[in-house]
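Listed below are the residues making up each chain.
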Amino acid sequence: TVITITGEGFDKDSAGVTFTSDAGEVIEASHTEIKVSVPPGSAGAATVALTGGTGYVAPDASSLTFSWADTGGPTVSAISPNKGSVRGGTDVQVTGTALDSVAAIWIGNSQCEKDITQTSTATAYFCTTRGSPQGEQHLVLVTNTGEKVKTTTPYTYTLEVNAIMPADGSVVGGTRVTIIGAGFGTDMDKIYVEMGDMDCDVQTVADDKVVCETKPLLPAHQVWSEHTQEATCVGLTLTDLERTAQNTHNMYRRMHESTPDLCYSQDVAKTAKS
């Protein structure tokens, strides 16, 4: 709907019009007249405010109002579930009236892709969310005639971490860590977990839980030695190495007097392992 606002002192180059909190699209403006396209809204009155001008002629600023009429078009009473991952991919059901006249549903600035495997009716519309920034968004209905109907029904895009279990693990890796939260999605290929500077290999994914396995914190460095022995230096304490020696019968030796690194060696093939 295009309306005309008349008055004086408008700035034709920067005039703006808002309807309560939503901006209208200014189509044409002069010093005495503004033509603006009204944004979609729910049935009821909105306060009209002008920006970008030095003044205007009106009995009272609060008297500038615009009302959306209830035309008997589509309405929304609920969306279930009412929250999902910022990555999208959440199957939702929108309930209301006259939804068979709806061509598309948008959640904020992201269109909800209609689920053609489900049968939408006048009271139910099925669609799958797409990715969107975190936070609460409202549904906007687009009718078969192109009319936009803004609703007050909210949907929340979530992404949060509430707990990590266990909170510690071995420096040699291999610890399975469970991350509890919301909004992770269910596509393992789209989930990446990093702990400090180390990756944590994702094992399983659910929208509220991710399980990953830690990698070694201290990488091993291979060095060569004489004959058929190969030594590996690791940043462990002497106690740790002595304990390992008791279990694996490896020999230990210090590679260089000037380095604190302790090394263990065992007979290996001459071909070095990466």
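As shown above, the structure is provided for reference.
Just so you know, these numbers come straight off a predicted model, no measurement behind them. (Residues numbered from 1 in each chain as written. Predicted model: local features only at pLDDT ≥ 70, side-chain atom pairs only at ≥ 80, totals over all residues. Heavy atoms only, no water.)

> Help me understand the overall build of the chain, please; the structure alone is not making it clear to me.
The secondary structure content of the chain amounts to 1 helix and 24 strands. Every one of the 274 residues in the chain was classed for burial, and the buried ones make up 32%. In the chain, the proportion of contacts linking residues at least 24 apart, taken out of those at least 6 apart, comes to 52%. (Helix = DSSP H or I, 4+ residues; strand = E, 2+ residues; numbered from the N terminus. Buried < 20%, exposed > 50% of the residue type's maximum accessible area, 1.4 Å probe, protein only. Contact = heavy atoms within 4.5 Å.)

> Help me understand the sheet that holds strand 14 (residues 135–143), please; the structure alone is not making it clear to me.
Strand pairing within a sheet occurs via backbone hydrogen bonds; the two strands may be parallel or antiparallel. Overall, mixed pairing links the 8 strands, which are arranged 8-10-13-12-11-14-15-9 in an open sheet. Among the strands making up the open sheet, the edge pair consists of strand 8 (75–80) and strand 9 (83–85). Across this sheet, the average inter-strand angle for adjacent strands is 40 degrees, counted without regard to direction. Of the pairings in the sheet, the one linking strand 9 to strand 15 (residues 148–158) comprises 3 bridges and is parallel in character. The residue of strand 15 that forms the bridge with Gly84 is Tyr157. (Pairing = 2+ DSSP bridges. Axes fitted to C-alpha atoms, helices over the stretch in contact; angles between N-to-C directions.)

> What am I meant to see in the environment of Ala103 here?
By secondary structure assignment, the location of Ala103 is in strand 11 (residues 102–107). Here the alpha-carbon distance between Ala103 and Leu141, two residues 38 residues apart in the chain, equals 7.8 Å.

> I keep staring at the sheet that holds strand 18 (residues 193–195) and nothing clicks. Help me out?
Sheet architecture is open: 5 strands sit in the order 16-17-20-19-18, paired in antiparallel fashion. Each edge of the open sheet is held by one strand with a lone partner, namely strand 16 (160–165) and strand 18. Taking the axes of each pair of neighbouring strands and ignoring which way they run, one obtains an average angle of 30 degrees across the sheet. Bridge count for strand 19 (residues 198–206) against strand 20 (residues 209–214) is 6 bridges, and the pairing is antiparallel.

> Before we go on, may I ask you to explain unusual backbone geometry in this structure?
Peptide bonds are, in most cases, trans, and in most cases residues other than glycine have a negative phi. Between Ser80 and the following residue, Pro81, the backbone shows a cis peptide bond with an omega angle of -10 degrees. Residue Pro166 follows Met165 across a cis peptide bond; omega there is -10 degrees. Looking at where Pro166 falls in the secondary structure, it is placed in the loop between strand 16 and strand 17 (176–182). Phi at Ala98 takes a positive value of approximately 55 degrees, unusual for a residue other than glycine. Residue placement: Ala98 occurs in the loop between strand 10 (88–97) and strand 11.

> How should I be thinking about the packing of aromatic side chains in this particular structure?
To describe a pair of aromatic rings, one takes the distance between the centres and the angle between the planes. For the structure on display, the rule yields 2 aromatic pairs. Measuring from ring centre to ring centre gives 5.7 Å for Phe19 and Phe66, while their planes differ by 80 degrees; the resulting arrangement is edge-to-face. Of this pair, Phe19 sits in strand 2 (residues 16–19) while Phe66 sits in strand 7 (residues 65–68), and the two are 47 residues apart along the sequence. Among the residues examined, Phe19 registers a relative accessible area of 1% and is labelled buried. Ring centres 5.1 Å apart and planes at 75 degrees place the aromatic pair Tyr155 and Tyr157 in the edge-to-face group. No difference in accessibility class separates Tyr155 from Tyr157, as the two residues are buried. (Phe/Tyr/Trp six-rings, centres within 6.5 Å; stacked < 30°, edge-to-face > 60°.)

> Would you mind showing me how to read the environment of Pro81 here?
Relative to the elements of secondary structure, Pro81 occurs in the loop between strand 8 and strand 9. In this structure Pro81 comes out as partly exposed when scored by relative accessible area, which is 36%. Sequence-wise, Pro81 and Tyr155 are 74 residues apart; in three dimensions their C-alpha atoms are separated by 8.3 Å.

> Would you take a moment to explain the state of the cysteines for this structure?
Here a disulfide denotes one covalent bond, and it connects the sulfur atoms of two cysteines. On inspection of all chains with the given rule, the structure shows 2 disulfides. At a sulfur-sulfur separation of 2.1 Å, the disulfide partner of Cys200 is Cys212. The disulfide joining Cys200 to Cys212 has a torsion of about 90 degrees about its S-S bond and is therefore right-handed. Taken as a pair, Cys200 in strand 19 and Cys212 in strand 20 lie far apart in primary sequence, 12 residues in all. For Cys200, a relative accessible area of 3% translates into the label buried. (Disulfide = S-S within 2.5 Å.)

> Please explain a nonpolar patch on the surface as it appears in this structure.
Together, Val161, Ile164 and Met195 line one region of the surface with nonpolar side chains, adding up to about 240 Å² of accessible area. Take Met195: it is sitting in strand 18. (Patch = residues over 30% accessible without salt bridge, like charges linked within 9 Å, V, L, I, M, F, W, Y side chains within 5 Å. Areas by Shrake-Rupley, 256 points an atom, 1.4 Å probe, with all protein chains shown as cover. Salt bridge = Lys/Arg side-chain N within 4 Å of Asp/Glu carboxyl O.)

> Looking at this structure, how should I read the pattern of salt bridges?
Should the charged atoms of two oppositely charged side chains come close, the side chains can pair. Inspection of every chain in the model, using the stated rule, returns 3 salt bridges. Here Arg130 makes a salt bridge to Glu113, at a shortest N to O gap of 3.9 Å. In this pair, Arg130 is assigned in strand 13 (residues 124–130) and Glu113 in strand 12 (residues 110–114), connecting sequence segments 17 residues apart.

> For this particular structure, what's the right way to read the side chain of Thr90?
Mapping Thr90 onto the fold places it in strand 10. Beyond its immediate stretch of four places on either side in the chain, Thr90 contacts Pro81, Lys83, Gly84, Ser85, Cys127, Thr128, Thr129 and Tyr155.

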